Amino acid sequence: MNIDKHIQENRESFDHMEPVPSEAIWIGIQQNLRTRQRRKLFIRYAAAAAIICTFSAPFLFNLSNPTIPENKIATPPLILAQEKQYYQLASDKKDELDFRNLDPAIYGEIFSELDILDSMYMDLKAELTNSPDAERAIGTAIRFHERRLRILELLEKEIENQKRIEEHESTIKI
Amino acid sequence: MLNIQTSQEKELVQRVQRGDRKAQYIMYKQYIDAMYHTVLRIMNNSTDAQDVVQECFVKVFEKIHSYRGDATIGAWIKRIAINTAINALRKKKRNLEFSSDEISEARYAEEEDVADNLLSNKKIHDAVLNLPNGCRTVLNLYLFEGYSHKEVATILEITESTSKTQFRRAKILLRDTLKSKYV
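Residues numbered from 1 in each chain as written. Chains lettered and ligands numbered in written order. Predicted model: local features only at pLDDT ≥ 70, side-chain atom pairs only at ≥ 80, totals over all residues.

**Q** When you look at the interface of chain A and chain B in this model, what are you seeing that I'm missing?
**A** In many analyses, interface size is given as the accessible surface area lost on bringing the parts together. Listed per partner, the contact involves 28 residues of chain A and 31 residues of chain B. Contributions of two or more residues to the side of chain A that touches chain B are made by helix H1 (3-9), helix H2 (22-64) and helix H5 (134-171) of chain A. Per-element tally for the side of chain A that touches chain B: the top contributor is H2 of chain A, with eight residues. Across the side of chain A that touches chain B, the residue classes break down as 14 nonpolar, nine polar and five charged. (Contact = placed C-beta atoms within 7 Å. Helix = DSSP H or I, 4+ residues; strand = E, 2+ residues; numbered from the N terminus. Nonpolar A, V, L, I, M, F, W, Y, C, P; charged D, E, K, R; others polar.)

Laid out in structure tokens, this is it:
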């Protein structure tokens, strides 16, 4: 008989000649997808953090520049209240996410980025009293809080996604 | 190739496109045996085949949004598996040589039939794995995967006539292996 004909007639049975280590391959696929997801997640937050750093840098430079004369104009109370409100919103969101219960292997790099942002804000606040233009400085601080809040909201979404994935995985029986 | 997709297949694809992990697993289970054996016949060893199949399914789940339904989902996955395997072979610098030595012109004209007792699937499977990389890959794509010589030529970046010659060479070597091992 002709080999071609034999293979064509028995084509499907050639897909069952060897034992397939499907469990091991599936675990490898899941790990690989998770690693790629973490990398994407980090890149997204690092990019967001970079925007904030770039955005805040000129302002921080102005604050620390000793040649700029001290501003004597009082800051309107409404702007101060807004700044305080945004700061509180971002802080509440951070508490709500409860970083202590999150896996540092997945979110560790994002925590570091947020720590850097926190310390930048502390510097900014410390120098606020010497600002040459207090109103503008507080306006910048408000935008800073808005961005920070946005990062935390994105992080919240990613945590929910991650939870959904883990729930799916726990229901899949191999 | 006919593009017949059932509504169940379409729904499964849509679920995978939404990132549904259960749907991913259903799709994986549906195609893993066929993809593993397709890749094994190209890679020639189980460790490499596992790595390539893993890489293939990661690509499938990441690129599923680009699947437009021009071919069946099975054909689409198979093409990814074959391309990944061929790239892996090339990366490993294993020769994908399309040699034509050792075989005289006269042998190409020989009778192609083989004794029926040699035509066991297991014997053929083992003998195929022992063929040289180049002609084995052509034989796999043409005979096992059903591509035309023109398609094989495109996939392997060779000429159509090289594909035909390598296919004939693979069959001669396959017959020789079966006879020397089992007669």
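Following the structure, the description resumes.
**Q** What's the story with helix H2 (residues 21-43) of chain B in this structure? I'm lost.
**A** Owing to its 3.6 residues per turn, the α-helix brings residues three or four apart onto one side. All names here are of chain B. The first and last C-alpha atoms of H2 sit only 28 Å apart over 23 residues, clearly below the 33 Å expected at 1.5 Å per residue. At Tyr-31, H2 is bent by approximately 50°, the largest bend along its length. At the C-terminal side of H2, Asn-44 shows a positive phi close to 80°. (Expected span 1.5 Å × (residues − 1). Bend = angle between axes of the 7 residues up to and from the residue.)

**Q** Honestly, the nonpolar core in this entry has me stumped. Any pointers?
**A** Note on soluble globular proteins: their nonpolar side chains tend to be buried together. Counting 51 residues, the largest nonpolar core has Met-35, Val-39, Val-53 and Ala-85 of chain B as the members making the most contacts within it. Here this core takes 12 residues from H2 of chain B, the largest share from any one element. Two domains each donate at least three residues to this core, and these are domain 1 (7-91) and domain 2 (105-182) of chain B. Not counting the four nearest positions on each side in its chain, Val-53 of chain B is found in contact with Ile-25 of chain A together with Met-35, Tyr-36, Val-39 and Ala-81 of chain B. Judged by nonpolar contacts, the second largest core, of six residues, contains Leu-114, Leu-117, Ile-151 and Leu-155 of chain A. (Core = buried A, V, L, I, M, F, W, Y, C linked by C-beta atoms within 7 Å. Buried ≥ 20, exposed ≤ 12 C-beta atoms within 10 Å, placed from the backbone. Domains from an automatic or database assignment.)

**Q** Is there a simple way to explain the confidence of the model for chain B in this structure?
**A** Low pLDDT marks regions whose predicted coordinates should not be analysed in detail. Looking at chain B, the pLDDT average stands at 86 and 82% of residues meet or exceed 70. With a pTM of 0.65, the predicted complex shows an ipTM of 0.83. (pLDDT = per-residue confidence, 0-100.)

**Q** Which parts of the structure should I look at to understand unusual backbone geometry?
**A** Glycine aside, residues mostly have negative phi, and peptide bonds are mostly found in the trans state. Residue and element names in this part refer to chain B. Of note in this structure, Asn-44 is not a glycine but carries a positive phi near 80°. Among the secondary structure elements, Asn-44 is positioned in the loop between H2 and helix H3 (46-63). C-beta crowding within 10 Å serves as the criterion here: with 19 such atoms nearby, Asn-44 is assigned to the partly exposed category. In this model, Glu-157 sits at a positive phi of 55°, which is unusual for a non-glycine residue. Inspection of the secondary structure assignment puts Glu-157 in the loop between helix H8 (149-156) and helix H9 (160-182).

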